[in-house]
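Below are the chains, spelled out letter by letter.
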Amino acid sequence: MDQTLEEVVKHCSQQLDSYQRCIENNPQDWGVACLKFRSELNKCAEENVTELKRVKAKCSSVIAAFDNCLQKNQKDPEKCIKELKQLYHCTEEAAGRKLSSPPPEIVDNKKFIDLSTFQIQSAPPSAYYIEEYISVDEEKLLLDKVYAAPKPKWVTLKNRRLQNWGGIPKDRGMLSEPLPSWLTEPVFPRLAFLKVFDKCAAHKLPNHCLVNEYISGQGIMPHEDGPSYYPTVATVSLGSHTVLDFYNHRYQNADKGNMDSNSLVFSLLIKPRSLLVLQDDLYKSYLHGIEERSKDVLSEKNIINAVEDVGDLERGTRVSLTFRIVEKVIKASLFNRRT
Ligand SMILES: O=C(O)CCC(=O)C(=O)O
Ligand SMILES: [Fe+2]
């Protein structure tokens, strides 16, 4: 038995067992039916198996090259097959295995990374969370650009400030403007790669980004994002962590502004540089909000995605980039003709 497998058996026997049992019980459709167990096994292996840790350390430059290529080929990530192959070879080498060709499905089916790998297991479907989605340098660049925006770009609300990029969504539609490249370049290639917005037939990538700035102590009331948007939202966080709370939808009309704590269903710890994707039922059937506080006492919250005990966290200034698809757009050319 190879050493990696031995380590997986040693550290992740429970996850391996559950996955095997699921496969046995679902002989026809185990590929789909057992996704959850496969992700749990992957997660355990990544955290505990030396070889996988070593691969991460050894192949960082190849990983960066792959990322760069994806950035340059936002709309066509298949162009990065060469870099993907190099990454595959590096991981094989780092693991001390004899080089072989990439597994055929990488090339033929262009199966890049399955978003389901990042599904938050204990959350209702569908929430996906990826830590270190952007680098520290990219985070800095994005923050510089957000703060370089002209003053009138900011809309100041009671509990936060915001900027609209791509246009301002209105009931009759959004007069769409292209998103600036500083927003799309670090984010879009990876969204395309994960096929985050692929279920939406008309657009495959977002056409709107809401930038929210919360200083410590600020937040956002429980709300739903509304029908203007295609029901997928991808949020990149910059600068500080926050805790995002989810409430039962049925309380939305109860006593607005005074959500009693019983309606809170669960919370997610959102770290800086992470990506959070919310889709489907989680988007439609729950309200989400951020409590106005300057410190998060994590032990008091039902935070379902914190694997390690991070203790209490002081909030700093957080900037979130919320990427969405606004489906109803008014073409600029039509608008120009009328005016
Ligand atoms: O800042 C966040 O992560 C949440 C923002 C949000 O919910 C919104 O803008 O609708
Ligand atoms: Fe929202």
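The rules behind each value
- Residues numbered from 1 in each chain as written.
- Chains lettered and ligands numbered in written order.
- Predicted model: local features only at pLDDT ≥ 70, side-chain atom pairs only at ≥ 80, totals over all residues.
- Heavy atoms only, no water.
- UniProt positions renumbered as here; feature names shortened; annotations may be inferred.
- Helix = DSSP H or I, 4+ residues; strand = E, 2+ residues; numbered from the N terminus.
- Expected span 1.5 Å × (residues − 1).
- Buried < 20%, exposed > 50% of the residue type's maximum accessible area, 1.4 Å probe, protein only.
- Arc of directions from axis to C-beta.
- Near = heavy atom within 4 Å.
- Polar contact = N/O pair within 3.5 Å; in protein donor to acceptor, adjacent residues only side chain to side chain.
- Areas by Shrake-Rupley, 256 points an atom, 1.4 Å probe, with all protein chains shown as cover.
- Nonpolar A, V, L, I, M, F, W, Y, C, P; charged D, E, K, R; others polar.

- An unreviewed UniProt entry lists the chain under the name 5944_t:CDS:1, from Paraglomus brasilianum.
- Quoted verbatim from the Subcellular location (unreviewed entry) field of the UniProt record, the comment on the chain reads "Nucleus".
- Quoted verbatim from the Sequence similarities (unreviewed entry) field of UniProt, the annotation for the chain is "Belongs to the alkB family."

Focus: helix H2 (residues 13-25)
Move 1: Counted at 1.5 Å a residue, the expected span for H2 with its 13 residues is 18 Å, and the 18 Å between its end C-alpha atoms agrees.
Move 2: Taken together, the buried positions of H2 are Leu16, Ser18, Tyr19 and Cys22. On an axial view of H2, the arc spanned by its buried residues comes to 165 degrees, and they lie on one face. Set apart from the buried face of H2 by more than 90 degrees, the exposed residues are Gln14, Glu24 and Asn25.

With respect to the site of ligand 1
Move 1: In the neighbourhood of ligand 1, the contacting residues comprise Leu210, Asn212, Tyr214, Ile220, His223, Asp225, Thr235, His288, Ile290, Arg318, Ser320 and Arg324.
Move 2: Within the side chain of Asn212, one N or O atom sits 3.0 Å away from an oxygen atom of ligand 1.
Move 3: A distance of 3.1 Å separates an oxygen atom of ligand 1 from a polar side-chain atom of Asp225.
Move 4: The protein chains hide 92% of the 290 Å² of surface that ligand 1 would expose on its own.
Move 5: Of all the elements in the fold, those that place two or more residues in the shell around ligand 1 are strand S5 (208-214), strand S6 (220-223), strand S11 (286-290) and strand S14 (318-324).
Move 6: Considered class by class, the residues forming the shell around ligand 1 number 4 nonpolar, 5 polar and 3 charged.

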